[in-house]
Each structure stands twice: as C-alpha cells, then as structure tokens.
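A look at the structure
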Amino acid sequence: MAELADLRDRFRAMLAKQIEINTATRALSAKPPAQWRRTERLRLAGLSEAQRRLAGQAEQVAGSLQQGGSVVLSAVTRGLAGQMGQVADRLARVEVGPTTQQIQSDIAQTLKDLIAALEQPGPDASASRAGQAGQQDISQQRLLPDSAELELLKLRQVRVRDRTKQLAAQRGGTDERLTPDLAAAIR
C-alpha cells in the first residue's frame, strides 16, 4: 500500500525534524534567556518557525486522513498539530523550560506511536481477496486495522492521564488561582 508507506515516511521526516527542534531547545535552555546573545535569539526564532511549519504539515496530513475516512488517525494527527502550534507559540515567547520540553517530548512520542501503528499489518488477506472478487469491503479502504487504531487511542489517553498528573503536581494541590501558563497547559 503506497499510501501507507508515504504516510509513514511523512511522519518519520516530521519526527526527525521534531527531534532536531527538541535538541536545540534543550541546548538553549541551558543558559537563562537574559544571558542570550543575538545568535541565541535568532536561533530560537528559527526554531519557532520550524515548529510552526511542522504544525502546518501535521494539519495538512490530518485533513487528508479525514477525507480518506481515517477518523482516529486524523484526530490524533490534528491533536499533534495543535501541540506543535502551542510549542511554536511558547518558543516565540522565549519559553524554553520544562513545560515546553515536556510538550515537545509528547509530540515526539506521538509521532513514534503513529509510525509504529502504520508499521502494523493492514487488513487481513481474506478482506483483500473479497475486494478483488468485485465486492466492496469497507475494511479494505482502511489504513489501519481496528487493533492499531485502538492502541493509538489508548496511548493518547495514557499520555493525557500522565500529563494531568504532572500538571496537578506542578500546581502543588493548592486552591489558589492557576497561573496563566498552567491554565493554558491544562486547556
């Protein structure tokens, strides 16, 4: 299935670029922004723009997946695009700390999950034979088997749970008003 291989290659290229952005963000965070020189500020602006381009690519993939009938893949990819946009905004605001890096880590892990799901075998051979016999079989049109889609949903839910626990710990169990940064992360 050429379409599946193309999609997997697109996600691999996105992952490679995301890892570059993550690595550069960690390197920049080693020094407080107040001590940055012009080169560091320009580097960060470039990272923000690169992250925004990745978000656009993910949104484009999500749109084509939705048109192709892959609801789960489309939803996961659209969520990924949203996270990428959030990171691009954070980088533009010179926020390179742990929160930004955690979101970047989640993005990379989601891309790895998508790649792994796309490497699973597609619909079984009997469905393919039924399609060749002239019967229209819905499962033949699907990119992923149901088990792979369920696994993707489960992995996303686990990530949401873990992130919620991290945010609760960051808040410290107080009833005080949320900081704008924490409120944005929760949203």
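Quick notes on the rules
- Residues numbered from 1 in each chain as written.
- Predicted model: local features only at pLDDT ≥ 70, side-chain atom pairs only at ≥ 80, totals over all residues.
- Heavy atoms only, no water.
- Salt bridge = Lys/Arg side-chain N within 4 Å of Asp/Glu carboxyl O.
- Helix = DSSP H or I, 4+ residues; strand = E, 2+ residues; numbered from the N terminus.
- Buried < 20%, exposed > 50% of the residue type's maximum accessible area, 1.4 Å probe, protein only.
- Axes fitted to C-alpha atoms, helices over the stretch in contact; angles between N-to-C directions.
- Parallel < 35°, antiparallel > 145°, perpendicular 65-115°, else oblique.
- Left-handed = near helix turned anticlockwise from the far one by under 90°.
- Nonpolar A, V, L, I, M, F, W, Y, C, P; charged D, E, K, R; others polar.
- Expected span 1.5 Å × (residues − 1).
- pLDDT = per-residue confidence, 0-100.
- Contact = heavy atoms within 4.5 Å.
- Core = buried A, V, L, I, M, F, W, Y, C linked by side-chain atoms within 4.5 Å.

Section: the pattern of salt bridges
Side chains that differ in charge, positive against negative, can pair when their charged atoms come close. Applying the stated criterion to the full structure yields 9 salt bridges. Between Arg12 and Glu119 there is a salt bridge, with the nearest N and O atoms lying 2.4 Å from each other. In this pair, Arg12 sits in helix α1 (residues 2-29) while Glu119 sits in the loop between α4 (98-118) and α5 (125-132), placing the two residues 107 residues apart along the sequence. Take Arg12: its relative accessible area is 37%, and that puts it in the partly exposed class. Look at Glu119 and you get partly exposed, because its relative accessible area is 44%.

A closer look at the environment of Asp113
You can call Asp113 buried: its relative accessible area is 11%. Sequence spacing of Asp113 and Leu152 is 39 residues, and the spatial spacing of their C-alpha atoms is 6.9 Å.

What about unusual backbone geometry?
Phi at Val94 is positive, roughly 60 degrees, even though this residue is not glycine. Here Val94 is to be found in the loop between α3 (71-92) and α4. What makes Val94 partly exposed here is its relative accessible area of 29%.

Thoughts on the packing of helix α2 (residues 38-67) against α3
Between α2 and α3, the least distance of the axes is 8 Å, while the angle of their chain directions is 165 degrees. Judged by the angle between their axes, α2 and α3 are roughly antiparallel. Along this stretch, α2 crosses α3, giving a crossing that reads as left-handed. Considered class by class, the residues forming the contact of α2 with α3 number 15 nonpolar, 7 polar and 4 charged.

A short note on α2
In a regular helix each residue adds 1.5 Å, so 30 residues correspond to 44 Å; α2 covers 44 Å between its end C-alpha atoms and thus fits that length. Buried residues of α2: Glu40, Leu44, Leu47, Ser48, Ala50, Gln51, Leu54, Ala55, Ala58, Val61, Ala62 and Leu65, and no others.

Some words on the confidence of the model for the protein
Chain-level pLDDT for the protein is 82 on average; 79% of the residues reach the 70-or-more range. A low-confidence stretch, residues 124-140 stays under pLDDT 50, and its non-local contacts, those more than four residues away or across chains, total 8 contacts.

Section: the nonpolar core
Counting residues in each nonpolar core, the largest one holds 38 residues, and the members touching the most others are Leu7, Phe11, Leu73, Met84, Leu111 and Leu144. Among the secondary structure elements, those contributing two or more residues to this core are α1, α2, α3, α4 and α7 (146-171). Contact partners of Leu144, with chain neighbours within four places excluded, come to Leu73, Ala117, Leu118, Glu149 and Leu152.

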